[in-house]
Amino acid sequence: MNPADMFTQVGSVIASVMFAWAMFKQYCPYSVQEYFDKYSKRAFTFVYPYIQISFNEFTGDRFMRSEAYSTIENYLGSRSSTQAKRLKADVVKNSQSVVLSMDDYEEVEDEFQGVKLRWASGKHISKTQSVSFYPVTDEKKYYKLTFHKRHRQLILGDYLNHVLKEGNEIKVRNRQRKLYTNSGSYWRHVVFQHPASFETLAMEAERKQEIVDDLVIFSKAEDFYARIGRAWKRGYLLFGPPGTGKSTMIAAMANLLNYDIYDLELTAVKDNTELRKLLIETTTRSIIVIEDIDCSLDLTGQRKKKKEDEGERDEKDPKPKLPKEEDSKQSQVTLSGILNFVDGLWSACRGERLIVFTTNFVEKLDPALIRKGRMDKHIELSYCSFEAFQVLAKNYLRLDSHHLFARIQELLGETKMTPAEVAEHLMPKTISGDAKVCLESLIGALEKAKEDAILKAEEEAKEKEKESARLKAEEEAKEKEREKAKAEEEAKEKAKAAEEAKEKDSSAAENAKKHAKDNGFCDNGNGELNNKENKQEGFSH
Ligand SMILES: Nc1ncnc2c1ncn2[C@@H]1O[C@H](COP(=O)(O)OP(=O)(O)OP(=O)(O)O)[C@@H](O)[C@H]1O
Ligand SMILES: [Mg+2]
């Protein structure tokens, strides 16, 4: 048979088979088709030695993008860029890096512990019925993993875990961090791009290292927290005067650990229920921040006040009062709501979270709120030390040393200036950026601050003296008044005693008279008593 005849015959056989298949599809009942489909697939898998697993892009009714799909996409990214011929590119991290993934219907190979496997990308397309000029197509993308069935155990266990772990790590590396703020009961976010870092943070090197170590240890301690049975969370309380770097440190923490920030504005939260809802919506690897917690709520007295109010209500009116209009507008988040937020509920959330409170007045806060276990680490940020100044000088002026440093060190030891103020003086003052001008400006400000502090101390001493003199005078006046009152009291006492004595005398005289009368004496009109019997006796004589 010549090749032309052979092709003609093969062609006609294929055409006949296709015709028969089309007829079968067209006229055979659906149930028979399904039956046929099922058994043909079973027969195929019986002889086909490979296993296939599909990971669809969308899962569930809510049309949520599958986490596994995006993790696998990240995992396959680097392999795709070296093997696939058609790639898709996406830009992340504020247009700073390009992430590649394989295009549809591409294949890449992978190897795990000597076992070869194959990943393929594909999509199901279904046309949806809609009243539109253009047909709407519904694409469902998927990744398909194919491997030999003798490696089933290894692939389903270790390999898939390895894919998810590595994919997640790549996702975290590539993700854009976000700064969330709450507006009522939901979070809004912007891309978080604060440049602060622990290197640029002005504080003593030793303390800084201690905080960095603490954070890094925490972020790697998943197994440790699971072993000791505690939720993977850590609380930080940052306190100190305004402008000492509390907010800057939070940004540095987020940059160090690559965490998102949830900046919680408590005054915008209506009540504890809303607070709970917001908390549940926070994601893992995040820092939840409540700035100026002492100003956000009356956390110091709220618990006490509430109890007092309840006590009063119990006494006077057993029915609960409706909130007044002005009360209902204010936040009704309570201290116990916050405490639950910090430990109770939070423990139920998966993944690592840091919570940071900042305050200018740590002594104002309820001890229950900041006890260890809730706020595990208390960090004081204080006025600028010389070591902190050196960091600022290096950041702002690129200076490691300068002959004016000695004077600055002396002045910083004698006066209080916040790092924010110091930094302000180190900002470029001339177009040439002369460091000396900045340092002199700082020295001038420090000298002035020192003079002001001396004047203030003198003023305060005078005030104190005046106050103590005033108090002394007041005390003396009070003492005099007390003495006067005492003398008056004594005089009154004396007069009363004399009155009583007089009364006593007159009543004694009265008694004596009565007694005399009873015994036969009578008053002779001259105040003398005469004995009646004696008189009678005299008459008789
Ligand atoms: N320790 C510091 N290191 C570096 N810069 C600092 C430091 N402290 C303050 N600054 C600078 O001062 C500015 C204000 O600091 P920051 O907002 O962090 O202060 P804060 O302690 O949060 O103040 P507040 O209590 O008013 O919120 C920042 O922009 C930062 O540049
Ligand atoms: Mg701040």
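What you see is a predicted model; the values in this text were computed from it and never measured.

K.L.:
When you look at the overall build of the protein in this model, what are you seeing that I'm missing?
P.N.:
From N to C terminus, the protein includes 18 helices and 17 strands. For the protein, the residues scored as buried account for 18% of the 541 residues in total. Long-range pairs, those at least 24 residues apart, make up 71% of the contacts in the protein with a sequence separation of at least 6.

K.L.:
Please clarify how the sheet that holds strand β15 (residues 377-380) should be interpreted in this entry.
P.N.:
Taken in spatial order, the seven strands make up an open sheet running β10-β9-β12-β13-β14-β11-β15, and their pairing is mixed. The open sheet has two edge strands, β10 (186-191) and β15, and neither has a second partner. Each strand of the sheet is rotated relative to its neighbour by a mean of 25 degrees, with strand direction disregarded. Across four bridges, strand β12 (residues 260-263) lies against strand β13 (residues 286-290) in parallel orientation. Across the sheet, residue D263 finds its bridge partner in β13, namely V289. Its contacts with the sheet put helix α7 (residues 246-257) on β11 (233-239), β12, β13 and β14 (353-359), and the angle it makes with β13 is roughly 165 degrees.

K.L.:
Explanation requested: the site of ligand 1 in the structure shown.
P.N.:
By nearness alone, 14 residues border ligand 1, and A202, P242, G245, S247 and A420 come closest of all. When residues of the shell around ligand 1 are traced back to their parent elements, those giving at least two are α7 and α16 (419-426). When the residues that make up the shell around ligand 1 are grouped by side-chain class, the tally is seven nonpolar, six polar and one charged. Counting only domains with at least three residues in the shell around ligand 1, you end up with domain 2 (178-308 + 331-380) and domain 3 (386-482).

K.L.:
How should the pairing of β10 be read in this particular structure?
P.N.:
In terms of residue burial, β10 counts as a barely covered element, since only zero of its six residues are buried. Across six bridges, strand β9 (residues 178-183) lies against β10 in antiparallel orientation. When the bridges of β10 are listed, K178 appears paired with V191.

K.L.:
What's the story with the environment of G243 in this structure? I'm lost.
P.N.:
Summarising the element assignment, G243 is placed in the loop between β11 and α7. Assessed through the 20 C-beta atoms surrounding it within 10 Å, G243 is described here as buried. Discounting chain neighbours no more than four positions away, the residues touching G243 are T418, P419, A420 and E421.

K.L.:
Can you help me understand unusual backbone geometry in this one?
P.N.:
Trans peptide bonds make up the majority, and among non-glycine residues the majority have a negative phi. Unlike most non-glycine residues, N258 shows phi in positive territory, near 65 degrees. With respect to the helices, strands and loops of the structure, N258 is situated in the loop between α7 and β12. The residue R285 is not glycine, and still its phi comes out positive at about 55 degrees. Tracing the backbone through its elements, the reader meets R285 in the loop between α8 (272-280) and β13.

K.L.:
Whenever I open this one, the confidence of the model for the protein confuses me. Can you help?
P.N.:
Across the protein, the average pLDDT comes to 81, with 84% of residues at or above 70. Counted against residues more than four places away or in other chains, residues 300-328, with its pLDDT under 50, gives eleven contacts. In this model, residues 532-541 is a region of pLDDT below 50 whose contacts with residues beyond four sequence positions or in other chains number four contacts.

K.L.:
Would you explain the packing of helix α5 (residues 205-219) against α7 in this entry?
P.N.:
A pair of packed helices is characterised by two quantities: the angle between their axes and the separation of those axes. For the pair α5 and α7, the least separation of the axes is 11 Å and the interaxial angle reads 45 degrees. Here α5 is positioned oblique relative to α7, judged by the angle of their axes. The chirality of how α5 crosses α7 is right-handed. Along the contact surface, α5 presents V212, L215 and S219, while α7 presents M253, L256 and L257.

K.L.:
Please explain the nonpolar core as it appears in this structure.
P.N.:
Most often, soluble globular proteins have nonpolar side chains that are buried together. In this structure, I250, M253, I287, V289, V356, F389 and L392 are the most contacted members of the largest nonpolar core, which totals 58 residues. Built from parts of two domains, this core gets at least three residues from each of domain 2 (178-308 + 331-380) and domain 3 (386-482). Counting residues in hydrophobic clusters, the runner-up holds eight residues, among them I72, W119, Y143 and V163.

K.L.:
What am I meant to see in helix α3 (residues 67-83) here?
P.N.:
Along an α-helix, residues three or four apart share an orientation, since each turn contains 3.6 residues. The end-to-end C-alpha distance of α3, which contains 17 residues, comes to 24 Å, matching closely the 24 Å that a straight helix rising 1.5 Å per residue would cover. Residue G77 marks the point of greatest curvature in α3, where the axis turns by about 45 degrees. Where α3 is concerned, the buried positions are T71, I72, E73, N74, Y75, L76, G77 and S80.

K.L.:
Is there a simple way to think about the pairing of β9 in this case?
P.N.:
Each regular strand carries side chains that alternate between the two faces of the sheet. Hairpin connection, β9 to β10: the antiparallel pair is bridged by two residues, and G184 has positive phi, about 70 degrees. The pairing of β9 with β12 spans three bridges and is classified as parallel. Opposite Y180, over in β12, you have Y262 as the bridge partner.

Rules used in this analysis
Residues numbered from 1 in each chain as written. Chains lettered and ligands numbered in written order. Predicted model: local features only at pLDDT ≥ 70, side-chain atom pairs only at ≥ 80, totals over all residues. Helix = DSSP H or I, 4+ residues; strand = E, 2+ residues; numbered from the N terminus. Buried ≥ 20, exposed ≤ 12 C-beta atoms within 10 Å, placed from the backbone. Contact = placed C-beta atoms within 7 Å. Pairing = 2+ DSSP bridges. Axes fitted to C-alpha atoms, helices over the stretch in contact; angles between N-to-C directions. Near = placed C-beta within 6 Å. Nonpolar A, V, L, I, M, F, W, Y, C, P; charged D, E, K, R; others polar. Domains from an automatic or database assignment. pLDDT = per-residue confidence, 0-100. Parallel < 35°, antiparallel > 145°, perpendicular 65-115°, else oblique. Left-handed = near helix turned anticlockwise from the far one by under 90°. Core = buried A, V, L, I, M, F, W, Y, C linked by C-beta atoms within 7 Å. Expected span 1.5 Å × (residues − 1). Bend = angle between axes of the 7 residues up to and from the residue.

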